[in-house]
Amino acid sequence: MKEVHVAVGVVRQGDRILIARRPDDAHQGGLLEFPGGKVEPEERVQQALVRELDEEVGLRIDPRNLRPVIGIRHDYGDKRVFLDVWETDRFEGEPHGREGQPVQWLAVDALHDDDFPAANRPIIRALRLPHQYPITGDAGMDGAALVDHTCRRLAALRPSICLFRAPWLSRDAYLDAAGQLLDWCSARSIRLMLHGDPALLASIPAAGIHLPWHVARRLDTRPLASSGVLGVSCHQEDELAHAAHLGADFVTLGPVAETASHPDAVPMGWPRFTELAARATVPVYALGGLSLEDVERAREAGAQGVAGIGTWWSNC
Ligand SMILES: Nc1nc2c([nH]c(=O)n2[C@@H]2O[C@H](COP(=O)(O)OP(=O)(O)OP(=O)(O)O)[C@@H](O)[C@H]2O)c(=O)[nH]1
Ligand SMILES: [Mg+2]
C-alpha cells in the first residue's frame, strides 16, 4: 500500500491550538484533527500546508514561519500515512471551516487522544513537551549538597520538565533527595521525572518515570497510568520500537556526539539520528554531547529538542 504524505498544521494562538472536525464520511470521519491534507506531487510540504490552511480554514501563512513539530508514520490497515507536522503562531485571517466543518481553539491540555485519529497520539505528546529536557548529573554529590546544587541550577534554567538522574546514590538516598526536589519543583510548575525503577513512583508522586534501557528492555507493558509521563533511553532502532510498544510518551536517542558523561559510547552523528527519528513513532530528544545551541539543529533533524546531562548545566 502506498504511503500518503500528509501536511498537518498546528496553528497556535497563545496556548491554544486550532482544531477542526473531520466530516463524518471522510477517512477517520467524525474525529477531531489538525487542519491539513495530502501533499500533491511536485509540491513541498510547506507549500502544501500553506494551500491546505487557506482552503480548509481560510488562514494565510508565510511558509518561512513554519517550524517542524514531528513526523509520524502510521498504518491504519486501510491506509498508510506519513503525517508531516509543522507549527506556526503567525497567520492572517479569522479561522472558519470553509468546507462546512466546525473549528475551535483548544488548549493543549484539552486535546484527548480518543478524540483524534490514532496516528495523532504522538503529535499530542509532542505538543505537551518542551524543546529542552535537562538531566541532572553531578556524580559524587549527595544529600543536601546535591539537592541545593540541583535547585540552584534549575532556578537558573527554568525548565518545564527535568529528569533527576543520580545512579550513584542508594535507593534510599535517591528517594530522599527526590522527595525534596519534588517539593521544590512542584512549587515552580517544573515536572520532575524520576530515573530507574517504575516502583519509585509509589514512594514519590513525581510527574513520571524515565527508564534506562536496561530497565525498559525487561518490561512488556506500560508501567504507569496514562496520566503519568513515560520516557525511555534508546540508542538504536529496535529500542525505539520497544519504547513505542511500551507506550512511551517520549524517548531520548543518542549519543549524537561525543560526550564526557559516556566516554566509551560511539556517537551516531546527525545523519543516523535523522534516519532513526524519522522512523520513530514517539517524540525523540537528541542526547549526547549537545548544548542548548543545538536545539534548532535537532528540530531540523526531526527531534523534539535536546536532552542534556552536562553542557548547559555547567553554565548555570
Ligand atoms: N488533516 C489531517 N489528517 C489527518 C490527521 N490525522 C490523521 O491520521 N490524518 C489522516 O491523513 C489523511 C489525509 O488527510 P485529509 O483527509 O485531510 O486529506 P485532504 O485534506 O487532502 O482531503 P481530501 O482527500 O478530501 O482532498 C487522512 O487519511 C486522515 O485520516 C490530522 O490530524 N489532520
Ligand atoms: Mg484535510
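The shown structure was predicted, so the numbers you read here are calculated from the model rather than taken from an experiment.

1. A few points about the site of ligand 1
Moving on, step 1. Around ligand 1, 17 residues are found, and the nearest of them are His27, Phe34, Lys38, Tyr76 and Asn120.
Moving on, step 2. Phe34 is positioned with one of its backbone polar atoms (N or O) 2.7 Å from a nitrogen atom of ligand 1.
Moving on, step 3. Protein burial of ligand 1: of its 630 Å² of free accessible surface, 78% is covered by the chains.
Moving on, step 4. Secondary structure elements with two or more residues in the shell around ligand 1: strand 4 (36-38) and helix 1 (45-57).
Moving on, step 5. Classifying every residue of the shell around ligand 1 gives six nonpolar, five polar and six charged.

2. Re the coordination of the magnesium ion (ligand 2)
Moving on, step 1. Around the magnesium ion (ligand 2), the protein contributes the donor atoms Gly36 (O) and Glu56 (OE), at 2.1 to 2.2 Å from the metal centre. Note that Gly36 is positioned in strand 4 and Glu56 in helix 1, a separation of 20 residues in sequence. When sorted by exposure, Gly36 lands in the same class as Glu56, which is buried.

3. Things to note about the UniProt feature "domain: Nudix hydrolase" (unreviewed entry) in the protein
Moving on, step 1. The positions that UniProt labels "domain: Nudix hydrolase" (unreviewed entry) are, in the present scheme, residues 1-131.
Moving on, step 2. Measuring from the first to the last C-alpha atom of residues 1-131 gives 34 Å, for a span that is 16% helix and 34% strand.

4. What about the packing of aromatic side chains?
Moving on, step 1. Here the structure, examined in full by the defined rule, presents seven aromatic pairs.
Moving on, step 2. Ring geometry for Phe250 against Tyr285: centres 5.4 Å apart, planes inclined by 90°, an arrangement best described as edge-to-face. In this pair, Phe250 is assigned in strand 13 (residues 250-253) and Tyr285 in strand 14 (residues 284-287), connecting sequence segments 35 residues apart. Summarising the burial analysis for this pair, Phe250 and Tyr285 share the class buried.
Moving on, step 3. Here a set of aromatic residues connected by ring pairs shows up, and it is made of Tyr133, Phe250 and Tyr285.
Moving on, step 4. Taking the ring centre of Phe82 as reference, the NZ or CZ of Arg73 above it sits at 4.2 Å.
Moving on, step 5. Here Arg188 stacks its cationic end above the ring of Trp184, 4.0 Å away from the centre of that ring.

5. Considerations on helix 8 (residues 269-279)
Moving on, step 1. By the burial criterion, the buried members of helix 8 are Trp270, Phe273, Leu276 and Ala277. Projection of helix 8 onto a plane perpendicular to its axis shows the buried side chains occupying an angular sector of 130°, all on one side.
Moving on, step 2. Buried residues along helix 8 sit in contact with helix 7 (237-245), strand 13, strand 14 and helix 9 (295-300).

6. Looking at the domain arrangement of the protein
Moving on, step 1. Splitting the protein by domain gives domain 1 (3-128) and domain 2 (132-314).
Moving on, step 2. Between domain 1 and domain 2, the C-alpha centre-to-centre distance is 29 Å.
Moving on, step 3. Taken together, the 13 residues of domain 1 in the interface contact 14 residues of domain 2.
Moving on, step 4. Here domain 1 packs against domain 2, burying approximately 1,000 Å² in sum over the two surfaces, 37% of which is carbon and sulfur.
Moving on, step 5. Summed over the shared surface of domain 1 and domain 2, the number is four salt bridges.

7. Structural notes on the environment of Leu146
Moving on, step 1. Within the secondary structure layout, Leu146 lies in helix 3 (residues 143-157).
Moving on, step 2. The exposure class of Leu146 is buried, given its relative accessible area of 2%.
Moving on, step 3. C-alpha of Leu146 to C-alpha of Thr136: the two residues are 10 residues apart in sequence and 9.7 Å apart in space.
Moving on, step 4. Leu146 has contacts with Asp138, Met141, Phe164, Ala166, Trp168 and Leu169, leaving out every residue within four places of it along the chain.

8. Digging into the sheet that holds strand 15 (residues 305-308)
Moving on, step 1. If you walk across this open sheet you meet the eight strands as 8-15-14-13-12-11-10-9, and the pairing is parallel. Strands at the two margins of the open sheet, each flanked by one partner only, are strand 8 (132-134) and strand 9 (161-164). Averaged over all pairs of adjacent strands, the angle between strand axes in this sheet comes to 25°, irrespective of strand direction.
Moving on, step 2. Inspection of the sheet shows strand 13 paired to strand 14 by three bridges, in the parallel sense. Counted as the bridge partner of Leu253 is Ala286 from strand 14.
Moving on, step 3. Those strands touched by helix 4 (residues 171-186) are strand 9 and strand 10 (191-195), and its axis lies near 170° from that of strand 10.
Moving on, step 4. Its contacts with the sheet place helix 8 against strand 13 and strand 14, and it is angled at close to 165° to strand 14.

9. Observations concerning the environment of His131
Moving on, step 1. With respect to the helices, strands and loops of the structure, His131 is situated in the loop between helix 2 (121-128) and strand 8.
Moving on, step 2. What makes His131 partly exposed here is its relative accessible area of 28%.
Moving on, step 3. For His131 and Ile70, which are 61 residues apart along the polypeptide, the C-alpha to C-alpha distance reads 12 Å.
Moving on, step 4. Setting aside its immediate chain neighbours within four residues, His131 contacts Glu87, Tyr285, Val295, Arg299, Gln304, Gly305 and Val306.
Moving on, step 5. Side-chain polar atoms of His131 contact the side chain of Arg299, separated by 3.4 Å.

The rules behind these values
Position numbers for residues start from 1 in each chain and track the written sequence from start to end. Numbering of ligands from 1 and lettering of chains from A proceed in the order in which they are written. Owing to the predicted nature of the model, reporting of local features is limited to residues with pLDDT of at least 70; listing and counting of side-chain atom pairs is limited to 80 or more, with chain, interface and lining totals taken over all residues. Excluded from the side-chain calculations are hydrogens and water; all other atoms, namely the structure's heavy atoms, are used. What makes a residue near a molecule or strand is one non-hydrogen atom of that residue sitting within 4 Å of it. Side-chain atoms alone can form a polar contact between residues adjacent in sequence; in general such a contact is a pair of N or O atoms within 3.5 Å, and within protein one must be able to donate a hydrogen while the other accepts it. Calculation of accessible area relied on Shrake-Rupley with a 1.4 Å probe; when residues are assessed, cover is drawn exclusively from the protein chains displayed. Working definition: helices are DSSP H or I runs of at least four residues, strands are E runs of at least two. Numbering for both runs from the N terminus. Three residue categories are used. Nonpolar comprises Ala, Val, Leu, Ile, Met, Phe, Trp, Tyr, Cys and Pro, charged comprises Asp, Glu, Lys and Arg, and polar comprises the others, including Gly. Note that water is not among the atoms used; donors are N, O and S atoms within 2.8 Å of the metal (3.2 Å for Na, K and Ca), so sites may look incomplete. Partly exposed residues are those whose accessible area sits between 20% and 50% of the maximum for their type, while under 20% is buried and over 50% is exposed, using a 1.4 Å probe and protein chains only. UniProt positions are given in the numbering used here, feature names are shortened, and annotations may be inferred rather than shown by experiment. Whether two aromatic rings pair depends on their centres lying within 6.5 Å, for rings of Phe, Tyr and Trp, where Trp uses its six-membered ring; planes under 30 degrees apart make the pair stacked, over 60 edge-to-face, and the rest tilted. Working rule: Lys NZ or Arg CZ, within 6 Å of ring centre, within 35 degrees of ring normal, means a charge sits over the ring. Picture the helix axis, draw a direction to every C-beta atom, and the arc is the one those directions span. Any two residues whose heavy atoms approach within 4.5 Å at even a single point are treated as in contact. The split into domains, and so the bounds of each, comes from an automatic or database assignment of domains. Accessible surface is computed with a 1.4 Å probe, and the buried area is the amount of it that two parts give up when combined, taken over both parts together. A side-chain nitrogen of Lys or Arg and a carboxyl oxygen of Asp or Glu constitute a salt bridge if their distance falls within 4 Å. Only strands that DSSP links by at least two bridges are regarded as paired with each other. Only the stretch in contact is used when fitting a helix axis, every axis being a line fitted to C-alpha atoms; angles between N-to-C directions are given from 0 to 180 degrees.

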